[in-house]
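The lines below spell out each chain.
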Amino acid sequence: AVVSTQSTGVLYQSVLATKEKQFGLWHPEIATTLSNIAMVHMALGEYEEAKDALQRTRKIRGRVYGKNHPLVASTMANLASVSYTMGDLKDAMKLNEEALEIQQACYSDAHPLIAVTIKNMAMIENSQGDYDKAKSLYERVLKMEEVIYGELHPAIASTLNNLADCVLEQGETAKAAVLFQRAMETNEIVFGRDHPDVARNLNNLGRAFKEMGDYDGAKSKLTSALQMKQKRYGDAHINLVPTLMNLGDLFNLTKQPNKAREVLSRALKITEKKIGMKHPDAAKILRLLGNSFYLMGDLSTSEKLLNKSLDILEQVYETDHPYVLATRADLGSCTRPGAAPRIF
């Protein structure tokens, strides 16, 4: 699948060169091709390249159609997705808010694109730790999508998955598991069992089982999710990282720090290469690694890793964000041997 995506990217680059000769640099066809190239870069985890292509797309469409055109809004929404993935939550929220303003002026309230933009805003609120606001937005989107699509649609599965993630962060593990399961069953019906969205659902179900203390069930789900992702993306894709993190957390919880260190080191290597060490996921991995070293009795290394994690988190989140507070608590544990850190 990765080779096929790379081949598609090469083809689009060839098409772009041909169209630039035919139409010049400011034609709608150039914008469309650039947008397609950006989607290929995103699929390959090449986010800086995707951002560059989308920024050029936005300039062309703004010049051709005007700044308040729906295609400009769609480009801004795609840029917001790239910013979110790269960890720039403020820029992602700003772009989504601007896109939503244009979309609401162009479409009816129950429009699929409006639902997508609000869903993306909910994801940002969730990442920032404002779970009540995120939950409210997800529930709003779910009602919209049920009107638009009915009950059996991948968009609804996506919203159920995100809502489940939100309630899981609020500690409602059983409710989260039910929502994750419903999302997975929908995706299996729509796409089949080998689809990447099903792998994502399995990963999240594994996370819910982990939080409920069902470690055997969690390991089974997470292992299956990792195998599916590796088959589709290869061994070094950014989409593997959430599952590797969950497995690392699980190994820490089950007092297997050496296994945790192995999968978390792999996750950190992928993250550093694909999105850099300023991303919040890098901080989360460093924190989990710090906890692994704590469990091995190496408090000095644990403290260094936790400090690195905290430095990153404080650049991304407010000082009262749950991840910031939890990492500070873990640092306190390093100075008090025997006070085990709490894994998030």
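Preceding block: the structure.
About the criteria used
- Residues numbered from 1 in each chain as written.
- Predicted model: local features only at pLDDT ≥ 70, side-chain atom pairs only at ≥ 80, totals over all residues.
- Heavy atoms only, no water.
- Helix = DSSP H or I, 4+ residues; strand = E, 2+ residues; numbered from the N terminus.
- Expected span 1.5 Å × (residues − 1).
- Buried < 20%, exposed > 50% of the residue type's maximum accessible area, 1.4 Å probe, protein only.
- Arc of directions from axis to C-beta.
- Contact = heavy atoms within 4.5 Å.
- Axes fitted to C-alpha atoms, helices over the stretch in contact; angles between N-to-C directions.
- Parallel < 35°, antiparallel > 145°, perpendicular 65-115°, else oblique.
- Left-handed = near helix turned anticlockwise from the far one by under 90°.
- Nonpolar A, V, L, I, M, F, W, Y, C, P; charged D, E, K, R; others polar.
- Core = buried A, V, L, I, M, F, W, Y, C linked by side-chain atoms within 4.5 Å.
- Salt bridge = Lys/Arg side-chain N within 4 Å of Asp/Glu carboxyl O.

**Some points on helix α13 (residues 257–274)**
Between its first and last C-alpha, α13 extends 25 Å over 18 residues, near the 26 Å set by a 1.5 Å rise per residue. Burial in α13 covers these residues: P257, A260, V263, L264, A267, L268, I270 and T271. Buried residues in α13, looked at end-on, bunch into an arc of 165°, giving them a common side. Facing away from the buried side of α13, by more than 90 degrees, are the exposed residues N258, E262, K269 and K273. Tucked inside the fold, the buried residues of α13 contact α12 (241–253) and α14 (280–295). Note on α13: the residue one or two positions beyond its end, G276, has a positive phi of about 90°.

**Re the packing of helix α7 (residues 131–149) against helix α8 (residues 154–169)**
Where α7 meets α8, the closest approach of the two axes is 9 Å, and the angle between their N-to-C directions is 160°. Between α7 and α8, the angle falls in the class roughly antiparallel. Of the two possible hands of crossing, α7 and α8 adopt the one that is left-handed. Within the contact between the two elements, α7 uses Y131, A134, K135, Y138, E139, V141, L142, E145, E146 and Y149 and α8 uses A155, I156, T159, L160, N162, L163, C166, V167 and E169. Looking at the contact of α7 with α8, its residues break down into 12 nonpolar, two polar and five charged.

**Here's the deal with the side chain of N246**
Within the secondary structure layout, N246 lies in helix α12. A relative accessible area of 10% places N246 in the buried class. Not counting the four nearest positions on each side in its chain, N246 is found in contact with N203, R207, K210 and L222.

**Here's the deal with the nonpolar core**
Counting residues in each nonpolar core, the largest one holds 91 residues, and the members touching the most others are I118, F180, V241, L244, L264, I285 and Y317. By size, the runner-up hydrophobic cluster in this structure holds six residues, among which are I30, A31, L34 and I37.

**Remarks on unusual backbone geometry**
Positive phi outside glycine occurs at K255, with the angle close to 60°. Owing to a relative accessible area of 60%, K255 belongs among the exposed residues under this scheme.

**Regarding the pattern of salt bridges**
Following the criterion strictly, the structure yields 15 salt bridges and no others. Close ionic contact of E29 with K19 constitutes a salt bridge, the shortest N to O distance being 2.8 Å. Here E29 is found in helix α2 (residues 28–43), whereas its partner K19 is found in helix α1 (residues 2–23), with 10 residues between them in sequence. For E29, a relative accessible area of 33% corresponds to the partly exposed category. Of the charged contacts, one joins R207 and E169 as a salt bridge, the two residues approaching to 2.8 Å between their closest N and O atoms. Pair noted here: R207 is in helix α10 (residues 196–212) and E169 is in helix α8, with a separation of 38 residues, a long-range link. Residue class for R207 comes out buried when judged on its relative accessible area of 15%.

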